[in-house]
Amino acid sequence: HRASDGGCKVIAAEVGRRGGKTRAGIADLLDCYTTARAIKRGPETGLYPPFHAWLVVPDFPQARQPWNEMKSLITPEYIVRIDNNDWMLWLKGGQNWGGRNGLLEAKSAYYHEKLQTVGLDYLWISEAQDVPNEAFEKVAPTTRSPARLGWRYYEGIPALYPEHWYWRACDLAKRQKAQFYHHATTFENPLLTGEDKEDIVSDKDIISPGAWERMYLAKRSTSAGFFRGIDECVGGDLADNPVPGQEYIGGFDAGWTTDPSV
């Protein structure tokens, strides 16, 4: 879709668990890397490194799977060295880059204040539904840098509320011809066996319908979080002001970063 869509820079994918989101990200990242290798990016361009990509996850434990798959699936001849301590993978350059190498980094959105300052050719946000708005606001400008390709790939299961940046980004990708939106359920993965699918269906007996549909059917639901049936518990007219003579008790739950449905 990068090529056939006239060079679209944004791909947003709402896909069920085990639907192939990570493999798609690795393929798209390599497409961006090989595209950049064909561009003159010597020292005179001022691009350091000549190719720069980020994998952004909600927290580092969630980077382990895509990181391990990248190390295994990227052609060894492209890899110069890997620093597992700092989550850095150096990619081989060529004559167009003056012999310099590109850089792929994994970044955590947990400390989102650090997600800035660089210009990126490729931004991959994994498990996007769990990356907070504040983190996206920090990382989004990294793809607006001159001479960088600025490709973006957002993937995950649906966010829990319409105000989340990923929900809005998917809606925008649906509307704009310069962007591409993809939706798929878990069951569309051709590698799943019949037994695998039966096991997935059996999860309906354990978890709530809303959560099951969100995880496996990639269906949006604002009631798939911990708190459910809120709208059904509210009735009557809202008062503009407290009723004189009545006593009120207020509660506060600071669980927003863990469960936005609160």
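Worth saying up front: this structure is predicted, and the values here are computed from it rather than measured.

The rules behind each value
Residues numbered from 1 in each chain as written. Predicted model: local features only at pLDDT ≥ 70, side-chain atom pairs only at ≥ 80, totals over all residues. Heavy atoms only, no water. Pairing = 2+ DSSP bridges. Helix = DSSP H or I, 4+ residues; strand = E, 2+ residues; numbered from the N terminus. Axes fitted to C-alpha atoms, helices over the stretch in contact; angles between N-to-C directions. Contact = heavy atoms within 4.5 Å. Salt bridge = Lys/Arg side-chain N within 4 Å of Asp/Glu carboxyl O. Buried < 20%, exposed > 50% of the residue type's maximum accessible area, 1.4 Å probe, protein only.

Draft legend 1. Looking closely at the sheet that holds strand β2 (residues 52–57). Strand order across the open sheet formed by 8 strands is β3-β4-β5-β2-β6-β7-β1-β8, with mixed pairing between neighbours. What marks the edges here is a single partner per strand, and that holds for β3 (79–83) and β8 (179–184). Ignoring strand direction, the axes of neighbouring strands in this sheet form an average angle of 10 degrees. Bridge analysis of β2 against strand β6 (residues 122–125) gives 4 bridges, and the strand direction is parallel. Along β6, the bridge assignment pairs Leu 55 with Trp 124. Along the sheet, helix α2 (residues 64–73) makes contact with β2, β3, β4 (88–91), β5 (102–108) and β6, crossing β3 at roughly 150 degrees.

Draft legend 2. Broad picture of the pattern of salt bridges. Inspection of the entire model under this criterion finds 10 salt bridges. Note that Arg 220 is salt-bridged to Glu 14, the shortest N-O span being 3.1 Å. Pair noted here: Arg 220 is in the segment after α6 (209–216) and Glu 14 is in strand β1 (residues 10–15), with a separation of 206 residues, a long-range link. Judged by relative accessible area, which is 23%, Arg 220 ranks as partly exposed. You can call Glu 14 buried: its relative accessible area is 1%. For Glu 213, the salt bridge identified is with Lys 219, shortest N-O distance 3.4 Å.

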